[in-house]
Amino acid sequence: MSAEERRESVIRAAITEFARGGYSATSTEVIARRVGVSQPYLFRLFPSKQAMFLAAAGRCLADTRRVFEEAAEGLEGEEVLHSMARAYQRLIADDPDKLLMQMQVYAAVAAAEAAGDHAFGESVRAAWLELFDSVNLALGAEVDGATTFLAYGMLANTLTSLGFPAGHRMWSGFYASAQPVD
């Protein structure tokens, strides 16, 4: 396996481990074990635990952006909105670690900010801006539409994280395409 392929496997493993344990509670040892490499080798690929976390966070947000872009391709108007909503619900149903990682990212950045580390979240904010811009463009460059779509997405993240099942009254204000996938 090449260093780039190994790096990819580390990012995938980091998403899984950080998603389940958070930034502070996840050791690089558990990531190395999941990948099947030594910790020293892990640090040849990434200079620090923070670099691994930020690479995993960036990948998670980039994957979400890509899901939205693919769902919107060739569509117009409200079809875009509904296609992106369905695609996102499928993403978090099929790969729950993507949702968990997003939630861990927000918590880690908030903790870093509270501790005075404002640089920690810079790459995450840049990735979020790219996500927002992509959604905004797909929805016809209407900032209100992108804001509303992503606000509902964050509410969907919260309800899903809290375990509200499909069909629960908490989902009643969502359009059908944004309902959880059973």
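In short, a report on the structure. The numbering scheme is per chain: residues are counted from 1 as the chain's sequence reads. The model is predicted, so local features are restricted to residues of pLDDT at least 70 and side-chain atom pairs to those at 80 or more, both for listing and for counting; the totals for chains, interfaces and linings are taken over all residues. Excluded from the side-chain calculations are hydrogens and water; all other atoms, namely the structure's heavy atoms, are used.

Now for the nonpolar core. By nonpolar core we mean a set of buried residues, namely Ala, Val, Leu, Ile, Met, Phe, Trp, Tyr and Cys, connected to one another through side-chain atoms within 4.5 Å. A simple rule labels every residue: compare its accessible area, found with a 1.4 Å probe on the protein chains alone, to the largest value its type can have, and call it buried under 20%, exposed over 50%, or partly exposed in between. Core analysis: the largest hydrophobic core is formed by 55 residues, its most contacted members being Met84, Met101 and Phe149. Numbering of helices and strands starts at the N terminus; helices are DSSP runs of H or I of at least 4 residues and strands are runs of E of at least 2. Of all the secondary structure elements, the ones that give two or more residues to this core are helix H1 (3–25), helix H2 (28–35), helix H3 (39–45), helix H4 (49–72), helix H5 (78–94), helix H6 (96–114), helix H7 (122–138) and helix H8 (143–162). At 12 residues, H4 tops the list of elements feeding residues into this core. If we ignore the near neighbours within four places in the chain, the residues touching phenylalanine 149 are Phe68, Leu81, Met84, Ala85, Val135, Leu139 and Tyr175. Here a residue-residue contact requires only that any non-hydrogen atoms of the pair lie within 4.5 Å.

Any helix carries an expected span of 1.5 Å times its number of residues minus one. Taking 1.5 Å of rise per residue, 17 residues should cover 24 Å, and H7 covers 24 Å from first to last C-alpha, within 8% of that figure. Turning to H7, its buried residues are Val124, Ala127, Leu131, Ser134, Val135 and Asn136. In this structure, the buried residues of H7 make contact with H4, H5, H6 and H8. Directly after H7, the chain includes glycine 140, whose backbone phi takes a positive value near 90°.

In contact at an axis separation of 12 Å, H5 and H8 are set at 25° when each is read in the N-to-C sense. Between H5 and H8, the interaxial angle falls into the category roughly parallel. Handedness of the H5/H8 crossing: right-handed. Together, Leu81, Met84, Ala85, Tyr88, Gln89 and Ile92 of H5 and Phe149, Ala156, Asn157 and Thr160 of H8 make up the contact between the two elements. Residue classes follow a fixed rule: Ala, Val, Leu, Ile, Met, Phe, Trp, Tyr, Cys and Pro count as nonpolar, while Asp, Glu, Lys and Arg count as charged, and any other residue, Gly among them, counts as polar. Residue composition of the contact of H5 with H8, grouped by class: 7 nonpolar, 3 polar and no charged. To obtain an axis, a line is fitted to C-alpha atoms, over the contacting stretch when the element is a helix, and the angle between two such axes runs from 0 to 180 degrees between their N-to-C directions. The cut-offs work like this: below 35 degrees is roughly parallel, past 145 is roughly antiparallel, 65 to 115 is roughly perpendicular, and the gaps in between are oblique. In this scheme, a crossing is called left-handed if the near helix is turned counterclockwise away from the far one by less than a right angle; it is called right-handed if the turn is clockwise.

Here we come to the pattern of salt bridges. Any carboxyl oxygen of Asp or Glu within 4 Å of a side-chain nitrogen of Lys or Arg constitutes a salt bridge here. Using the criterion set out here, one finds 10 salt bridges in the structure. A single network of salt bridges, built from pairs that share partners, joins Asp63, Arg66, Asp95 and Lys98.

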